[in-house]
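Structural overview
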Amino acid sequence: MAFQGKKLINNPDDVVTEFIEGLVETYPGLQYLDGFPEVKVVIRADASGATYDKVAVISGGGSGHEPAHAGFVGEGMLTASICGDVFASPSVDSILAGIRAVTGPMGCLLIVMNYTGDRLNFGLAAEQARSEGYKIETVIVGDDCALPPLLGIAGRRGLAGTIFVNKIAGAAAAAGLSLADVAAEAKRASQMVGTMGVALSVCTLPGQVTSDRLGPGKMELGLGIHGEPGAAVADLQSVDVVVSHVLKQILSSETNYVPITRGNRVVLMINGLGATPVMELMIAAGKTVPKLQLEFGLAVERVYTGSFMTSLDMAGFSISIMKADQTLLQRLDAPTKAPHWPVGSAGNRPPAKIPVPLPPSRSTKSEESLSRPLQLSEQGRILEAAIEAAVNAVIVMRDSLNDWDSKVGDGDCGSTMYSGATAILDDMKKYYPLNDAAETVNEIGSSVRRVMGGTSGVLYNIFSKAAYARLKANSDSTVTAKQWAEAFEAAIDAVSKYGGASAGYRTLLDALIPALSVLKERLTAGDDSSTAFVLSSEAALAGAESTKDMQAQAGRSSYVSAAILATVPDPGAMAAAAWYRAAALAVKAKYEKASS
C-alpha cells in the first residue's frame with residue numbers, strides 16, 4: 001500500500017533552490033546565479049568567464065542525486081553545475097547561463113550524462129553558445145552495465161562513473177591543457193568506466209507517495225537512478241552474492257562493457273544511493289576489493305567509498321570500475337577544492353591488516369616462563385589448588401547464576417562466568433607460571449579478557465591487572481598474606497574507581513569489600529593466614545546474601561523494581577563470594593595437610 005513519504009522540506013517545488021542556498025552557505029567557495037527559479041546554477045566563486053584562463057568544465061542534470069553535481073564544483077574539478085528540477089533535465093536557458101558565467105578564452109567542456117533530455121538540452125545550449133562565439137566541446141557519459149549493449153539510439157545510461165570523468169576533466173583543465181586535450185581525456189575516461197547498481201527500496205520524490213513496487217524481501221538489479229525499474233527483481237541476497245553478480249556483469253567479456261582484462265590496474269567506487277548506512281557501504285567495499293584481486297586478477301589502485309551520486313532516499317549502492325593508468329591516477333590524485341570529492345590515498349597502499357600485538361606477558365617472555373613449571377614450589381601448589389577450587393565453584397553455579405540474572409539482568413551472568421572459569425582452567429594447564437604468583441594473576445586477567453564478554457569480563461580483567469601491579473611491586477618471590485591482602489585491596493579499589501560502584505550498590509563489591517575488611521582485621525589481630533582468609537570468605541558470602549535488601553545503583557539491575565530485586569541476591573556478588581570462599585577453603589586445606 002502506498003503512503004505519503006516523509007520529507008524535511010518546505011514547498012516541494014522549492015527543494016532545489018533551497019538546497020542550493022544551503023550549499024553555498026556551507027561552502028564559501030561556491031556561488032549561485034541569481035536567476036531562481038528558472039536558472040539554477042552553482043559556480044566557483046573564483047571563476048569569472050571574463051577573466052577565467054582555464055578550460056571551464058561544466059556538468060549537471062536533474063537534482064536529487066546530491067552531492068552530484070553541485071557538490072563537485074571547485075578548483076580542480078567542476079567549474080559549474082547546472083541543476084534541473086528533481087530528476088528532470090535542466091533547461092537550455094540554465095545551461096547557457098552557466099556557460100556564459102564561467103567560460104573564458106580557453107573554452108568549455110560539457111560533461112553530459114546519457115539521458116535523452118540531458119543530451120538534447122545540453123546539445124542545444126552548446127550550439128547556441130558556439131553561435132555566440134564560445135568554444136564548446138561535449139562528452140557524453142554512458143557507464144551503465146546493467147542493460148544490453150545495443151539499445152538503438154538510447155544507449156547506456158549515465159551513472160556514478162560520471163563522477164570519475166568530472167574529476168579527470170577538472171584536473172586536466174586545472175593543469176592548463178587545451179580544450180581539445182581536456183575533452184580527449186574526459187572522453188577516454190568515459191570509455192574506461194562501467195557501473196551497475198542494486199536497490200533495496202524505491203526512492204520517494206518530494207511531495208509524492210512512496211512506491212511499494214519492490215515489496216518485502218526483494219531487491220532490484222541494474223537500477224535506474226531516477227526511480228525507474230531496474231533490469232531485474234530478485235530475492236534479497238547477502239552482500240557477497242550481490243557483489244559477485246555486479247562484478248561479473250560489469251567485467252563480462254561477452255558484453256565487453258569496459259576494456260578491462262586480467263592484469264589491468266583499476267580504480268573502484270562504492271557509491272551509496274542515499275539511504276545506505278556507511279557500515280553497509282564499507283562492507284561492500286571490503287568484499288569487492290579481494291574479489292577484484294583474486295577472482296578477476298586486477299590491481300586495485302584506488303578505492304572511493306561513500307555517497308557520490310544518490311537517488312534521493314533510495315537504499316542500495318552501485319559499483320563503478322574504471323581502467324587506470326598513471327595519467328588517470330595522477331588526475332584522480334590531483335588536489336581539488338570541490339567539497340564532496342573524498343580525500344584519497346595516493347601511492348603504495350600498506351597491508352590492509354597487521355598482526356594483533358601481544359601483551360607483554362605473552363610477547364616478551366621466554367617460552368619457559370610462559371609454560372607450567374615442571375616442578376611446583378609450595379606456593380605454586382597452593383596457588384594451583386586455590387585457582388582450581390575457585391573456578392570449579394563458579395562452573396558449578398552456572399545455572400543458578402543465570403537463573404538469578406534472568407530476574408534482575410540479562411540472564412547470562414552464569415554463562416559469562418563459566419566461559420572465564422573454563423578458560424582459566426585450560427590456560428593454567430598450559431602456561432600459567434604458578435611459581436610466580438604475580439605473573440599467574442596477570443595471566444588470569446589475560447584469560448578473562450580473551451573470553452569473557454560484557455561488564456563482568458572487563459571488571460575481572462581490571463581486578464586481575466590491578467592485583468598484578470601491586471604484587472609485581474614486591475621484590476620477594478614468596479608472597480605473604482599481608483601482600484595478598486594489599487593486592488586484594490588494590491584490585492577492589494580499581495574496580496570501584498573504573499566501574500563507579502562502591503559498597504551498597506548491589507554489585508560484586510558487596511561481597512569483596514566485607515571480605516577485605518575482615519581479612520585485614522584478622523591479619524592485624526595475629527590470626528594465621530589461612531584462618532583469616534576463611535573468616536573473610538564468610539563475610540563475603542554474608543555480604544553477597546545481603547544484596548537482596550539493596551536497591552541496585554549500577555548495571556542493568558538499576559532498572560529493575562525493588563520488589564523483584566528482593567527475591568534474589570545479586571548474581572555477580574554471589575559468584576564473587578563463591579570463588580573467594582572456595583579459594584580460601586582450598587588454601588586452608590593445603591596448609592592443614594602440610595602440617596599434619
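The model shown is predicted, which means the values in this text are computed figures rather than measured ones.

Take the UniProt feature "active site" (unreviewed entry) in the protein chain next. The feature "active site" (unreviewed entry), as given by UniProt, occupies His226 in the numbering adopted here. You can see histidine 226 is positioned in the loop between strand S10 (218-221) and strand S11 (232-235). Once residues lying within four places of it in the same chain are set aside, the contact partners of histidine 226 are His65, Phe87, Tyr115 and Ser311. Looking at histidine 226, its side chain comes within polar contact range of the side chain of histidine 65, at 3.3 Å.

Across 3 bridges, strand S2 (residues 30-32) lies against strand S3 (residues 41-44) in antiparallel orientation. Within S3, the residue paired with leucine 30 across the bridge is arginine 44. Judged from the 3 bridges that link them, S3 and strand S5 (residues 80-86) form a sheet pairing that is antiparallel. If you follow isoleucine 43 over to S5, its bridge partner there is alanine 80.

Taken together, 6 strands build an open sheet; the order of strands is S11-S10-S8-S14-S12-S13 and the sheet is mixed. Edge strands, defined here as strands with exactly one partner in the open sheet, are S11 and strand S13 (299-306). Each strand of the sheet is rotated relative to its neighbour by a mean of 20 degrees, with strand direction disregarded. Note: strand S8 (residues 193-199) against S10, 2 bridges, orientation antiparallel. Residue pairing for S10: alanine 199 is matched across the bridge by glutamate 220. Sheet contacts for helix H6 (residues 239-250): S8, S10 and strand S14 (316-324); angle to S14, the most-contacted strand, approximately 40 degrees.

Okay, the nonpolar core next. Core analysis: the biggest nonpolar cluster contains 65 residues, and Phe488 and Trp579 have the highest contact counts within it. Looking at this core, the element that brings in the most residues is helix H19 (residues 571-595), giving 11 residues. For tryptophan 579, the contacting residues outside a window of four places in its chain are Ala390, Val394, Tyr460, Phe463 and Leu512. Membership of the second largest hydrophobic core comes to 59 residues, among which are Phe87, Leu177, Ala186 and Val193.

Below, the discussion takes up the sheet that holds strand S4 (residues 56-63). To summarise the sheet geometry, strands pair through backbone hydrogen bonds and adopt either a parallel or an antiparallel arrangement. Ordered by their spatial adjacency, 6 strands build an open sheet running S2-S3-S5-S4-S6-S7, and the pairing between neighbours is mixed. Sheet topology places S2 and strand S7 (136-141) at the edges, where each strand pairs with a single neighbour. Here the strands of the sheet are splayed against their neighbours by 25 degrees on average, with no regard to which way each runs. Examined bridge by bridge, S4 and S5 share 5 bridges and lie parallel to one another. Each bridged residue has a counterpart across the sheet, and for glycine 60 the counterpart in S5 is isoleucine 82. With respect to the sheet, helix H3 (residues 116-131) is in contact with S4, S5, strand S6 (108-113) and S7, its orientation differing from that of S7 by roughly 170 degrees.

Right, let's talk about the packing of helix H13 (residues 437-451) against helix H14 (residues 454-472) for a bit. Contact geometry of H13 with H14 gives a least axis separation of 8 Å together with a crossing angle of 165 degrees. In terms of their interaxial angle, H13 and H14 are classed as roughly antiparallel. Here the hand of the crossing between H13 and H14 comes out left-handed. Only Gly457, Tyr460, Asn461, Ser464, Lys465, Ala467, Tyr468, Leu471 and Lys472 of H14 make contact with H13, whose side of the interface consists of Ala437, Ala438, Glu439, Val441, Asn442, Ile444, Gly445, Ser446, Val448 and Arg449. Taken together, the residues of the contact of H13 with H14 sort by class into 9 nonpolar, 6 polar and 4 charged.

Position of aspartate 143 relative to the elements: it lies in the loop between S7 and helix H4 (161-174). Notably, aspartate 143 is buried but unbridged: the nearest opposite-charge side chain belongs to arginine 156, and the N-O separation is 6.6 Å. Side-chain polar atoms of aspartate 143 contact the backbone nitrogen of leucine 159, separated by 2.6 Å. The contact partners of aspartate 143, leaving out residues within four places of it in the chain, are Arg156, Arg157, Gly158, Leu159, Ala160, Gly161, Thr162, Val193, Gly194 and Thr195.

Structurally, asparagine 166 is set in helix H4. Judged by relative accessible area, asparagine 166 falls into the buried class, the value being 0%. Every residue in contact with asparagine 166, bar those within four places of it in the chain, is listed here: Ser59, His69, Met77, Leu78 and Ile111.

Our focus in this paragraph is H6. Between its first and last C-alpha atoms H6 spans 16 Å; for 12 residues at 1.5 Å apiece the expected length is 16 Å, and the two agree. For H6, every residue scored as buried is listed here: Val242, Val243, Ser244, Val246, Leu247 and Ile250.

Should the charged atoms of two oppositely charged side chains come close, the side chains can pair. Counting across every chain of the model gives 20 salt bridges. Across the pair glutamate 486 and lysine 482 runs a salt bridge, and its minimum N-O distance is 2.6 Å. Here glutamate 486 pairs with lysine 482, and both are found in helix H15 (residues 481-499), just 4 residues apart, close to one helical turn. Under the relative-accessibility criterion, glutamate 486 is labelled partly exposed at 23%.

Between helix H12 (residues 413-430) and H13, the least distance of the axes is 9 Å, while the angle of their chain directions is 130 degrees. Comparing their axes, H13 and H12 come out oblique. Handedness of the crossing formed by H12 with H13: right-handed. Packed against H12, whose contacting residues are Ser419, Gly420, Ala423, Ile424 and Asp427, the element H13 presents Ile444, Ser447, Val448, Arg450 and Val451 at the interface. Grouping the constituent residues of the contact of H12 with H13 by class yields 5 nonpolar, 3 polar and 2 charged.

Summed over the entire model, instances satisfying the criterion amount to 10 aromatic pairs. Between tyrosine 460 and tryptophan 579 the ring centres are 6.3 Å apart and the planes differ by 65 degrees, which places this aromatic pair in the edge-to-face class. Note that tyrosine 460 is positioned in helix H14 and tryptophan 579 in helix H19, a separation of 119 residues in sequence. Residue class for tyrosine 460 comes out buried when judged on its relative accessible area of 10%.

Basis of the calculations
Residues numbered from 1 in each chain as written. Predicted model: local features only at pLDDT ≥ 70, side-chain atom pairs only at ≥ 80, totals over all residues. Heavy atoms only, no water. UniProt positions renumbered as here; feature names shortened; annotations may be inferred. Helix = DSSP H or I, 4+ residues; strand = E, 2+ residues; numbered from the N terminus. Contact = heavy atoms within 4.5 Å. Polar contact = N/O pair within 3.5 Å; in protein donor to acceptor, adjacent residues only side chain to side chain. Pairing = 2+ DSSP bridges. Axes fitted to C-alpha atoms, helices over the stretch in contact; angles between N-to-C directions. Core = buried A, V, L, I, M, F, W, Y, C linked by side-chain atoms within 4.5 Å. Buried < 20%, exposed > 50% of the residue type's maximum accessible area, 1.4 Å probe, protein only. Parallel < 35°, antiparallel > 145°, perpendicular 65-115°, else oblique. Left-handed = near helix turned anticlockwise from the far one by under 90°. Nonpolar A, V, L, I, M, F, W, Y, C, P; charged D, E, K, R; others polar. Lys, Arg positive; Asp, Glu negative; His and termini not counted. Salt bridge = Lys/Arg side-chain N within 4 Å of Asp/Glu carboxyl O. Expected span 1.5 Å × (residues − 1). Phe/Tyr/Trp six-rings, centres within 6.5 Å; stacked < 30°, edge-to-face > 60°.

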